[in-house]
Amino acid sequence: MSSYRLPSGGLVDRAASLAFTFDGKPMQGFAGDTLASALLANGQRLVGRSFKYHRPRGVLTAGAAEPNALVTIGTGGRTEPNTRATMQELYAGLEATSQNRWPSLAFDVGAVNGLLSPFLGAGFYYKTFMWPAGLWEKLYEPFIRKAAGLGRATYEADPDSYEKCWAHCDLLVVGAGVTGLAAALTAARSGARVIVADEHARAGGDLLSTTATLDGLAGPAYADAMLRELASHPEVQVLPRATVFGWYDGGVFGAVERVQKHVAAPDPRRPVERLWRIAARRAVLATGAEERPLVFGGNDIPGVMTAGAMRTYLNRHAVAPGRRAAVFTTNDSGYALAGDLERAGVEVAAVIDSRPDALAFPGLRARVIREAVVSDAHGGREIQAVDVWADGKRERIAVDSLAMAGGFNPVIALACQRGAKPRWSDAHGAFLAPDVDGLSLAGAAAGVTGLAACFESGVRQASAALSDLGFRPTPLATPVVEGDVVPAPAPPLWMIPGVKGKAFVDYQNDVHRADLDLAVREGYGHVELAKRYTTNGMATDQGKLSNVNAIGLLAKARGVSPGEVGTTTFRPFYTPVSFGALTGAHHGKHFQPVRKSPLHDWAARRGAVFVETGLWYRSSWFPRDGETTWRQSVDREVLNVRANVGLCDVSMLGKIEVCGPDAAEFLNRVYCNGFAKLPVGKARYGLMLREDGFIYDDGTTSRLAEDRYFMTTTTAYAAGVMTHLEFCAQALWPELDVRLASVTDQWAQMAVAGPKVREVLQRVVDEDLSNAAFPYLAARDVSLFGGRLRGRLFRISFSGELAYELAVPADYGESVADALMQAGEPFGIQPYGVEALGVLRIEKGHVTHNEINGTVVPADLGFARMVADKPDFVGKRMLSREALVAPGRPQLVGLVPLDPAASFRTGSHVLSKGAAATLENDQGYVTSTAFSPHVGSTIGLALVKNGASRHGEEVLVWNGLRNEMTTARLTSPVFVDPANEKLHA
Amino acid sequence: MRDSALMRRPAVASEPVRCGDLLLEAPGGSILQLLGKAGATPPSDMSLPEVAGASPGLRNAGPGQWFVVTDRELTGPEIDALAARLAPSLHVVDQSSGRFRIRVSGAPSRRMLAKGVALDLHPERFPVGTATSTLVGQIGTNLARTGQDSFELLVLRGFAQSLWDDLLLMSREFG
């Protein structure tokens with residue numbers, strides 16, 4: 001293939017040659033190339049196949065809107081499908097592969113879809129594949145998806161890393177073309193903190209492809225000078241390769257920076273992409289304008305591209321589009337390209353201008369055909385000729401490239417993402433966005449044309465924003481611009497007469513003009529309906545090139561103005577953002593934080609099996625040699641607590657210090673039972689209700705001093721209870737002087753339980769632990785290890801055994817646990833985990849959130865007498881609601897199978913003996929089950945209608961999901977020591 | 001048991017880590033939470049003679065609440081004496097084990113923290129002496145600026161290892 005690279009000019013470094021491959025074919029490009037410009041320089045005009053008809057497609061644009069030149073970059077875990085070749089910087093070793101073709105790009109079997117195209121119009125799938133319905137998911141959809149499609153993602157893990165970052169500024173400038181640079185420099189000189197984000201590798205925008213001069217400097221040199229000055233301001237941050245993709249509440253913008261997408265081997269210490277959240281006080285949108293393609297037959301044949309893109313490849317990348325070009329234009333901008341082409345030695349066969357009154361451009365040699373249109377382009381994998389209609393006559397002109405200059409659509413997506421509606425301007429022939437919420441538009445994004453006017457617009461909008469913020473703006477003087485072709489507004493050309501071939505509106509989704517006609521004819525003329533009916537604008541390019549043309553064509557078909565048709569809804573993201581960037585560093589080990597108990601390492605040393613409980617890792621059981629099932633370990637741990645003594649980590653229980661002169665009154669209102677008269681040095685079980693009267697949480701609270709309490713909560717509700725208490729203190733009773741501190745993490749807390757516990761503890765605790773000196777429910781600061789450490793000791797029991805909970809500062813937790821294990825060795829102490837803890841509490845009939853499940857009030861659990869007769873407490877009023885005091889409420893009972901070998905599961909339902917297994921016969925359900933080594937069978941706790949008065953009754957336990965039925969007997973929920981003799985031992 | 005070896009084991013057992021110009025340290029010491037009524041005024045450093053020798057720092061921890069941070073580990077009697085002195089307007093809660101202290105220093109500190117902290121850490125917006133409760137990534141912390149290029153984080157002990165690991169990851173590009 002011949003080279004289309006020009007011998008001189010452009011912003012490519014001819015000394016830095018870069019080797020790359022396309023579909024395995026070796027090619028060469030230069031530093032400064034995009035993949036698209038390098039492919040064009042190598043004469044590779046066919047780069048992909050279209051989505052539905054598999055038509056040959058080439059490079060259409062030179063930017064983010066590219067719908068055709070989508071390729072897969074990289075291999076293995078770094079495979080990235082659907083990469084826009086126009087945005088991909090070239091690097092040595094880049095491997096690009098074309099997509100959606102089989103067996104090869106040049107010969108693609110799927111192109112037969114093109115022959116079937118009369119049957120593949122809009123709505124075709126829905127009309128054709130209606131019956132039988134079952135085949136849709138099994139056959140039609142997979143087949144359609146396989147035949148029509150994009151690149152394929154890899155199943156290999158991505159080897160690269162990503163991160164997120166916050167940034168803050170007074171002024172965010174989106175886009176670093178002439179407008180954006182002028183705005184940013186104005187702000188920088190005014191002393192503001194500025195962030196300039198530009199989606200391209202090199203800032204400068206159209207300054208990099210213009211042949212005009214500014215103050216006598218070429219465009220690129222002028223841009224570089226501005227960038228150098230920006231870099232000299234310490235409060236200015238220029239982010240190249242950063243696409244601002246979304247505008248969110250609070251002036252926060254999302255941007256994705258392609259940090260290392262332009263290198264073959266990314267530095268592993270740095271991310272390949274960085275997701276920025278930019279909090280900006282004001283923003284100037286200098287995003288420029290997108291050139292509209294023209295909708296004629298064959299407007300997708302490789303070799304057809306937008307005029308601006310052709311000019312960029314020519315001037316910036318020094319790539320000629322071909323040998324003989326034509327320019328089809330609706331405005332003056334096409335002449336700038338025609339002039340540049342001629343100067344570069346490319347023959348311009350014709351400039352086809354749709355206007356009758358187009359001016360003559362001095363110096364242009366090309367033939368200008370006025371009041372003319374291109375109705376069709378011809379060619380297969382490359383354009384060969386165009387049909388030009390003028391004066392009612394058709395003329396065929398041989399060309400190898402064609403530029404389309406259909407006018408400009410300001411890039412207003414960001415400005416409209418938060419509900420602002422674009423309005424149609426006849427004067428501009430474009431949709432414009434309003435300035436809203438601290439965001440203003442400048443330059444081509446605001447419909448301004450010409451370098452000088454854009455510069456002025458950037459300065460003006462930045463100055464206005466800075467004044468708003470209290471800065472005194474330092475506006476820049478507009479440079480003297482020479483040689484710029486400033487296109488005057490020209491009416492858009494929607495409907496081109498004489499079209500024979502497929503005239504594409506949405507290239508990426510293969511929507512052509514006839515599809516939109518069909519949509520209107522079939523009643524889907526509303527812009528949102530037409531979008532869904534035809535899929536126009538629904539591809540990954542989100543209709544950047546196609547939406548306005550579709551609106552224009554719908555307007556023509558409906559006989560209304562484009563403004564009346566209106567636009568579809570703008571939403572983030574502006575361009576596709578990788579899942580990697582959205583995930584940031586939060587994957588693998590860093591997916592979510594781990595919350596570790598101070599005894600985590602202690603338990604791990606003793607071989608604990610851990611279970612995730614929220615973010616905590618709790619020790620579940622401690623297997624010993626020879627134990628092959630978890631039940632063996634748990635049964636042993638349970639029996640050892642009942643017979644000897646065990647130690648369990650309960651550090652993850654929520655712990656809250658409640659201080660202040662009104663702490664007693666505060667707790668008295670928070671709990672439904674009385675706390676005002678709790679003596680110093682005593683603990684009490686407390687029941688906390690929700691406002692609606694149902695139980696919220698439970699725990700033990702101890703009075704350490706007159707004005708100081710130590711509350712414990714369940715593990716699951718620790719944060720919720722803290723929030724609830726803060727709300728009560730701040731919003732409900734601000735008159736109470738109470739202060740709260742979460743001390744969950746301050747204390748390593750160990751439950752030490754079993755008949756031999758006192759002997760073990762007494763070896764560590766200095767105070768007298770006799771029953772008389774430290775009775776049941778005593779709670780005091782204690783001295784440990786001969787005064788070397790202070791801790792808190794609570795004589796409370798969850799297991800039903802003689803038990804204590806010892807709290808020590810968390811950093812000393814491991815030492816103290818080790819010391820207790822050592823002290824307990826002669827008494828057979830063993831650690832036990834949460835599984836054994838669960839068995840022990842079920843045997844004792846203690847409740848947890850299995851029972852406190854949001855449907856129970858104190859009386860249901862047998863706590864009716866705990867509810868104090870006091871003036872007020874949270875939940876008091878609602879607790880007396882009729883339904884909450886009515887007979888027949890579920891009540892807590894115990895449950896044992898009649899056959900000790902039988903068992904039942906949590907969640908099973910309870911039926912009266914002999915009742916049919918129907919939900920109508922439901923008497924309640926099983927809330928907790930465990931195998932009880934003490935009882936010798938499975939036992940359960942259940943909430944059963946009037947259960948408290950039904951002890952001894954035989955019932956059926958029914959598991960409808962597993963079809964299990966067990967006969968069982970309702971019992972007291974307390975299976976161990978019902979007289980509480982052990983607690984008081 | 002009275003002669004058992006009692007060892008203080010901090011949540012993260014790590015020597016200081018250097019990543020280029022960035023230094024991550026776990027300075028230890030003591031952390032006391034002072035609880036006052038909303039609107040209470042902070043005690044000035046001068047009013048804390050009990051901890052004067054321990055280079056105390058005072059950190060805002062919400063309305064009427066502060067953390068006192070000392071480099072030296074305070075003794076129980078020292079804490080008691082301080083509590084007695086501040087009562088009844090302020091209650092003292094020892095959080096020396098409950099919070100873990102991480103120091104980040106060096107020129108890239110602000111850039112590193114920006115990967116997890118949503119707050120504007122510009123020295124004019126977050127000057128030396130400022131402290132507040134905020135998130136670092138997914139983990140709640142109390143963040144204080146202790147110098148132009150140095151910050152301290154107080155984090156719940158249980159999350160300390162995760163935060164430490166996250167900070168190392170955030171620092172990687174500077175090393």
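Residues numbered from 1 in each chain as written. Chains lettered and ligands numbered in written order. Predicted model: local features only at pLDDT ≥ 70, side-chain atom pairs only at ≥ 80, totals over all residues.

## Description of the interface of chain B and chain A
Many descriptions give the size of an interface as the accessible area lost when the pieces come together.
Move 1: Contacts between the two partners involve 39 residues from chain B and, on the opposite side, 41 residues from chain A.
Move 2: Of all the elements in the fold, those that place two or more residues in the side of chain B that touches chain A are β3 (30-35), β6 (91-94) and α3 (160-171) of chain B.
Move 3: By residue number, the principal contributor to the side of chain B that touches chain A is α3(B), which donates four residues.
Move 4: In the side of chain B that touches chain A, the residues fall into 14 nonpolar, 14 polar and 11 charged. (Contact = placed C-beta atoms within 7 Å. Helix = DSSP H or I, 4+ residues; strand = E, 2+ residues; numbered from the N terminus. Nonpolar A, V, L, I, M, F, W, Y, C, P; charged D, E, K, R; others polar.)

## Section: the UniProt feature "domain: SoxA A3" (unreviewed entry) in chain A
Move 1: The sites that UniProt annotates as "domain: SoxA A3" (unreviewed entry) are residues 500-583 of chain A.
Move 2: This span, residues 500-583 of chain A, is 45% helix and 6% strand, and a straight line between its end C-alpha atoms measures 48 Å. (UniProt positions renumbered as here; feature names shortened; annotations may be inferred.)

## Some thoughts on the nonpolar core
Move 1: Counting 340 residues, the largest nonpolar core has A:Leu171 and A:Val752 as its most contacted members.
Move 2: Residue contacts for A:Val752: discarding those within four places in its chain leaves A:Val645, A:Leu647, A:Val757, A:Val760, A:Leu761, A:Ala803, A:Tyr804, A:Leu806 and A:Leu820. (Core = buried A, V, L, I, M, F, W, Y, C linked by C-beta atoms within 7 Å. Buried ≥ 20, exposed ≤ 12 C-beta atoms within 10 Å, placed from the backbone.)

## Here we look at the confidence of the model for chain B
Move 1: Looking at chain B, the pLDDT average stands at 91 and 91% of residues meet or exceed 70.
Move 2: Quick note on the complex model: pTM equals 0.94, ipTM equals 0.96. (pLDDT = per-residue confidence, 0-100.)

## Here's the deal with the sheet that holds strand β37 (residues 695-705) of chain A
All names here are of chain A.
Move 1: Pairing is antiparallel in the open sheet, where five strands are placed in the order β36-β37-β38-β35-β39. Either end of the sheet is taken by a strand with one partner, and the two such strands are β36 (683-689) and β39 (739-742). In this sheet, neighbouring strand axes are inclined to one another by 30° on average, regardless of whether the strands run parallel or antiparallel.
Move 2: Two strands pair when backbone bridges link them, and β36 and β37 are joined in this way by seven bridges, in the antiparallel orientation. Paired with Gly-686 across the strands is Gly-699, a residue of β37.
Move 3: Taken strand by strand, helix α17 (residues 663-670) contacts β35 (654-659), β36, β37 and β38 (708-713), and its axis lies near 135° from that of β35.
Move 4: Seen against the sheet, helix α18 (residues 718-732) touches β35, β37, β38 and β39 and runs at an angle of roughly 20° to β35. (Pairing = 2+ DSSP bridges. Axes fitted to C-alpha atoms, helices over the stretch in contact; angles between N-to-C directions.)

## Some words on helix α21 (residues 834-844) of chain A
All names here are of chain A.
Move 1: With 11 of 11 residues buried, α21 lies mostly within the body of the structure.
Move 2: Within the sequence span of α21, burial applies to Val-834, Glu-835, Ala-836, Leu-837, Gly-838, Val-839, Leu-840, Arg-841, Ile-842, Glu-843 and Lys-844.
Move 3: Where α21 is buried, its residues contact β32 (609-613), β33 (616-621), α16 (630-643), β34 (646-649), β47 (922-932) and β48 (937-945).

## Digging into the domain arrangement of chain A
Residue and element names in this part refer to chain A.
Move 1: Taken domain by domain, chain A consists of domain 1 (1-158), domain 2 (162-289 + 410-482), domain 3 (293-406), domain 4 (620-652 + 749-855), domain 5 (655-743 + 862-880) and domain 6 (887-985).
Move 2: Taking only C-alpha atoms, the centre of domain 4 and the centre of domain 6 are 28 Å apart.
Move 3: Counting residues at the interface gives 20 residues for domain 4 and 21 residues for domain 6.
Move 4: At the level of elements, α16 and α21 are the ones that each hand at least two residues to the side of domain 4 that touches domain 6.
Move 5: The residue inventory of the side of domain 4 that touches domain 6, partitioned by class, reads seven nonpolar, six polar and seven charged. (Domains from an automatic or database assignment.)

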